[in-house]
Amino acid sequence: MNAFRLLALAGGLAVAAPSLAQQGTKADQATLAKIKDEGLNRSRVMETAFYLTDVCGPRLANSEGLNRANQWTQKQLTSWGLTKATIEPWGTFGRGWDIDKSYVAMTAPYYHTLIGAPKAWTPSTNGVLKKQVVVVKATTEAELYKYKGQLRDKIVLLDVTAPKTSFEADAKRYSDDELQKMAAFKPEAPAAAAPASAEMEQRMAQRRALLALRTKMSDMMLSEGAAAILSSRGGSDGTFFTSNGAPYAADAKPVLPELEMAPEDQLRLIRLAEAGIPVELELETRTRFQTQDLKGYNVVAEIPGTDKKLKSEIVMLGAHLDSWHAATGATDNAAGCAVMMEAVRILKAAGVQPRRTIRIALWGEEEQGLFGSRGYVKNHFADPATMKLLPEHEKLAAYFNLDNGAGKIRGIYAQGNEAAASIFQEWLKPFADMGATTVTLRNTGGTDHLSFDAVGLPGFQFIQDPLDYGTRTHHTNMDTYERLPADDLKQASVVVASFVYQAAMRDAKLPRKPLPAAKPEQRM
Ligand SMILES: [Zn+2]
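In this text, all values refer to a predicted model and were calculated from it rather than measured experimentally.

Analysis parameters
- Residues numbered from 1 in each chain as written.
- Predicted model: local features only at pLDDT ≥ 70, side-chain atom pairs only at ≥ 80, totals over all residues.
- Heavy atoms only, no water.
- Helix = DSSP H or I, 4+ residues; strand = E, 2+ residues; numbered from the N terminus.
- Rg over C-alpha atoms; globule rule 2.2 N^0.38 Å.
- Buried < 20%, exposed > 50% of the residue type's maximum accessible area, 1.4 Å probe, protein only.
- Lys, Arg positive; Asp, Glu negative; His and termini not counted.
- Salt bridge = Lys/Arg side-chain N within 4 Å of Asp/Glu carboxyl O.
- Contact = heavy atoms within 4.5 Å.
- Pairing = 2+ DSSP bridges.
- Axes fitted to C-alpha atoms, helices over the stretch in contact; angles between N-to-C directions.
- Domains from an automatic or database assignment.
- Buried area = accessible area lost by both parts, 1.4 Å probe.
- Polar contact = N/O pair within 3.5 Å; in protein donor to acceptor, adjacent residues only side chain to side chain.
- Nonpolar A, V, L, I, M, F, W, Y, C, P; charged D, E, K, R; others polar.
- Phe/Tyr/Trp six-rings, centres within 6.5 Å; stacked < 30°, edge-to-face > 60°.
- Lys NZ or Arg CZ within 6 Å of the ring centre and 35° of its normal.
- UniProt positions renumbered as here; feature names shortened; annotations may be inferred.
- Core = buried A, V, L, I, M, F, W, Y, C linked by side-chain atoms within 4.5 Å.

What to know about the overall build of the chain
Part 1 of the argument: A count of helices and strands for the chain gives 15 helices and 20 strands.
Part 2 of the argument: Its C-alpha atoms give the chain a radius of gyration of 25 Å, within 12% of the compact-globule value 24 Å for 524 residues.
Part 3 of the argument: In terms of its C-alpha atoms, the chain occupies a principal-axis envelope of roughly 80 × 50 × 45 Å.
Part 4 of the argument: Put simply, the chain has 524 residues, and 54% of those count as buried.

Rendered as structure tokens:
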């Protein structure tokens, strides 16, 4: 434990590690200036985002689109001078799946094209289907079985909640007040942490019951000889959310062809059918399963460290490269990948000589359960199920993640790591005028830094402006390049480049929380 850290701990949060600016060396301030200059005046982040979205296309787990992106990013990182650029398998995922054709239209009572996309990992219709529809509304098994004998050769329409008119803007940025509340957050003592509330438990149980009923529905419709299913997870204005798809495991049982629809189109069909007006649909999906290679992959590359003692230690940064398939996964998560790639491009272009090695990781299969990052952590650092530490565990200085949309960085979640929080406060100072000011002790979940945190490694996700992530783009058919504000991605790139550089230059690794206990239920 170095003197400074002791002071920091002794003096509570007041005393913190010197930032680049404070270290006062001309070289440090010059490096910071170079990082900002390169990232703001010669940015290539939008070019990278274009290739990841429009050129590579949708990047569903183990799909051709993700494979294209793995190849392209490996080549691009190498072309920027990074070393050891590798497409590294993390373990066995499941089947690949790609769409060759998707078409759906109403042909009676009049012709009209409809908005929808095949549900992930569902089979083809084997030619054009031209069929009558039947509406199925069931919230219990008893209600479901009432439809027995009515489904053969029909296209089943499942119910969906009607969108409401919203008077709120889709996109928003955090207000100062919201950020201050985050900064003021005090973690409860672990003992006082209330068990998941009864309400939460109840909501989880309801969700599990709904999922179970949905599986029973699919099985019954298949056994009753239905032709296909049209479902909708909601949305509005032609935007629909995709679901987690059908099972992708190699031994998954068969399911019916299914399309996920825009709620407005789904509801028109249901209203017509319920009014007793015959509705006929014409649809065709051609999808392809790939079972030659069931493995999942991550793309990793490095900027080698230069310090004799510290170069064996690593600072990691990452984001998941996979996406859902109804659009091009722009805000989820080409944005994070483009920013992380831009950060290392900036550091290379600025000619930095990091003391520790800097390693970028573009994760696969995050959307299905953080599989890429969890597999990587298990293969390189420790298995959370046993907490048996591997030699590289003590070499990781920090991991920084970006996966909350395309909004600019407003700060960072310290994940309950008080000692790191004070360091981050200093590191943010040079970016206060760019809107990055806030360090919160709050945890944030749902993405790849958790894989590191689960084995006691310092993994962090930045605080980002929400923009229209929750309302328009997250897992929708409207998650496209237009939703990437260039200035936001440029700002994020320089903040990330600076954080990574500082972590690679400081004498000590970032402080860690106590090692967590082994969690057998986290076995992969
Ligand atoms: Zn994501």
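Quick notes on the side chain of aspartate 479
Part 1 of the argument: In this fold, aspartate 479 is placed in the loop between helix H14 (469-473) and helix H15 (486-505).
Part 2 of the argument: Notably, aspartate 479 is buried but unbridged: the nearest opposite-charge side chain belongs to arginine 59, and the N-O separation is 6.8 Å.
Part 3 of the argument: Once you skip the residues sitting within four places of it in the chain, aspartate 479 turns out to touch Ala327, Thr328, Gly329, Ala330, Thr331, Asp332 and Thr473.

Notes on the sheet that holds strand S13 (residues 314-320)
Part 1 of the argument: Pairing is mixed across the open sheet formed by eight strands, whose spatial order is S1-S12-S14-S13-S17-S20-S18-S19. Edge positions in the sheet fall to strand S1 (83-92) and strand S19 (438-440), since each has one partner strand and no second. When the angles between neighbouring strand axes are averaged without regard to direction, this sheet yields 25 degrees.
Part 2 of the argument: Where S13 and strand S14 (residues 357-363) come together, seven bridges link them in parallel fashion. Of the residues in S14, the one forming a bridge with leucine 317 is isoleucine 360.
Part 3 of the argument: The sheet contacts of helix H12 (residues 418-428) involve strand S17 (396-401), strand S18 (409-413), S19 and strand S20 (459-464), and relative to S19 the element is tilted by about 170 degrees.

Quick look at the domain arrangement of the chain
How big an interface is tends to be stated in terms of accessible area lost as the parts join.
Part 1 of the argument: Taken domain by domain, the chain consists of domain 1 (47-93 + 294-522) and domain 2 (96-164 + 209-290).
Part 2 of the argument: Measuring from the centre of the C-alpha atoms in domain 1 to the corresponding centre in domain 2 gives 36 Å.
Part 3 of the argument: Residue-level contacts link 21 residues of domain 1 with 23 residues of domain 2.
Part 4 of the argument: For the pairing of domain 1 and domain 2, the buried interface totals around 1,700 Å² over both sides, and the portion due to carbon and sulfur atoms is 53%.
Part 5 of the argument: Between the two partners, domain 1 and domain 2, sit two salt bridges.
Part 6 of the argument: For aspartate 237, the salt bridge goes to arginine 472, with nearest N and O atoms at 3.0 Å.
Part 7 of the argument: The tally of links from domain 1 across to domain 2 stands at 10 residue pairs in polar contact (both at pLDDT 80 or more).
Part 8 of the argument: Of all the secondary-structure elements, those providing two or more residues to the side of domain 1 that touches domain 2 are helix H5 (64-79) and H14.
Part 9 of the argument: Examining the composition of the side of domain 1 that touches domain 2, we find that three residues originate from one element, H14, more than from any other.
Part 10 of the argument: Taken together, the residues of the side of domain 1 that touches domain 2 break down into eight nonpolar, 11 polar and two charged.

Considerations on the pattern of salt bridges
Part 1 of the argument: Across all of its chains, the model carries 35 salt bridges by this definition.
Part 2 of the argument: The residue arginine 355 makes a salt bridge to aspartate 507 at a minimum N-O spacing of 2.9 Å. Placement of the pair is arginine 355 in the loop between helix H10 (330-349) and S14 and aspartate 507 in the segment after H15, with a sequence separation of 152 residues.
Part 3 of the argument: Bridged by salt links that share partners, the residues Asp37, Glu38, Arg42, Glu342 and Arg345 form one connected network.

A few points about the packing of aromatic side chains
Part 1 of the argument: One pass over the full model with this rule turns up 23 aromatic pairs.
Part 2 of the argument: Their ring planes at 5 degrees and their centres at 4.1 Å tell us that tyrosine 399 and phenylalanine 452 sit as a pair that is stacked. In this pair, tyrosine 399 is assigned in strand S17 and phenylalanine 452 in helix H13 (residues 449-453), connecting sequence segments 53 residues apart.
Part 3 of the argument: Under the relative-accessibility criterion, tyrosine 399 is labelled buried at 0%.
Part 4 of the argument: Lying across the ring of phenylalanine 431, lysine 36 places its NZ or CZ 5.0 Å from the centre.

Some words on the UniProt feature "domain: Peptidase M28" (unreviewed entry) in the chain
Part 1 of the argument: The positions UniProt marks with the feature "domain: Peptidase M28" (unreviewed entry) are residues 298-499.
Part 2 of the argument: Strand forms 22% of residues 298-499 and helix 32%; the C-alpha atoms that close the span are 23 Å apart.

What about the sheet that holds strand S5 (residues 129-136)?
Two strands in a sheet stick together by hydrogen bonds in their backbones, pointing the same way (parallel) or opposite ways (antiparallel).
Part 1 of the argument: Strand order across the open sheet formed by eight strands is S3-S2-S11-S5-S6-S7-S10-S4, with mixed pairing between neighbours. Each of the sheet's edge strands pairs with one partner strand only, and the pair in question is strand S3 (112-113) and strand S4 (116-118).
Part 2 of the argument: Looking at chain direction, strand S2 (residues 96-108) and S3 are connected through two bridges and run antiparallel. If you follow methionine 106 over to S3, its bridge partner there is histidine 112.
Part 3 of the argument: Sitting on the sheet, helix H9 (residues 263-274) touches S2, S3, S5, strand S6 (155-158), strand S7 (228-231), strand S10 (258-261) and strand S11 (280-290), and the angle it makes with S6 is about 110 degrees.

Topic: unusual backbone geometry
Part 1 of the argument: Geometrically, the link from alanine 108 to proline 109 is a cis peptide bond, its omega value of 15 degrees lying close to zero.
Part 2 of the argument: Position of proline 109 relative to the elements: it lies in the loop between S2 and S3.
Part 3 of the argument: A cis geometry characterises the amide bond from aspartate 332 onward to asparagine 333, with omega recorded as 10 degrees.
Part 4 of the argument: Position of asparagine 333 relative to the elements: it lies in helix H10.
Part 5 of the argument: We note that asparagine 62 has phi near 55 degrees; this positive angle belongs to a residue other than glycine.
Part 6 of the argument: Mapped onto the elements of the fold, asparagine 62 is located in the loop between helix H4 (45-55) and H5.
Part 7 of the argument: On the accessibility criterion, asparagine 62 (13% relative accessible area) is buried.
Part 8 of the argument: Even without a glycine there, the phi angle at lysine 84 is positive, about 50 degrees.
Part 9 of the argument: As for its placement among the helices and strands, lysine 84 is situated in strand S1.
Part 10 of the argument: For lysine 84, a relative accessible area of 62% corresponds to the exposed category.

Here we look at the nonpolar core
As a rule of thumb, nonpolar side chains are buried together in soluble globular proteins.
Part 1 of the argument: Counting residues in each nonpolar core, the largest one holds 73 residues, and the members touching the most others are Leu77, Ile360, Phe400 and Phe424.
Part 2 of the argument: Per-element accounting of this core gives the leading share, 12 residues, to H10.
Part 3 of the argument: When residues no more than four places from it in sequence are discounted, the contact partners of isoleucine 360 are Leu77, Leu82, Val299, Val300, Ala301, Leu317, Met340, Met341 and Val344.
Part 4 of the argument: Grouped together as the second largest cluster of nonpolar side chains are 19 residues, Met106, Ala227, Met261 and Leu283 included.

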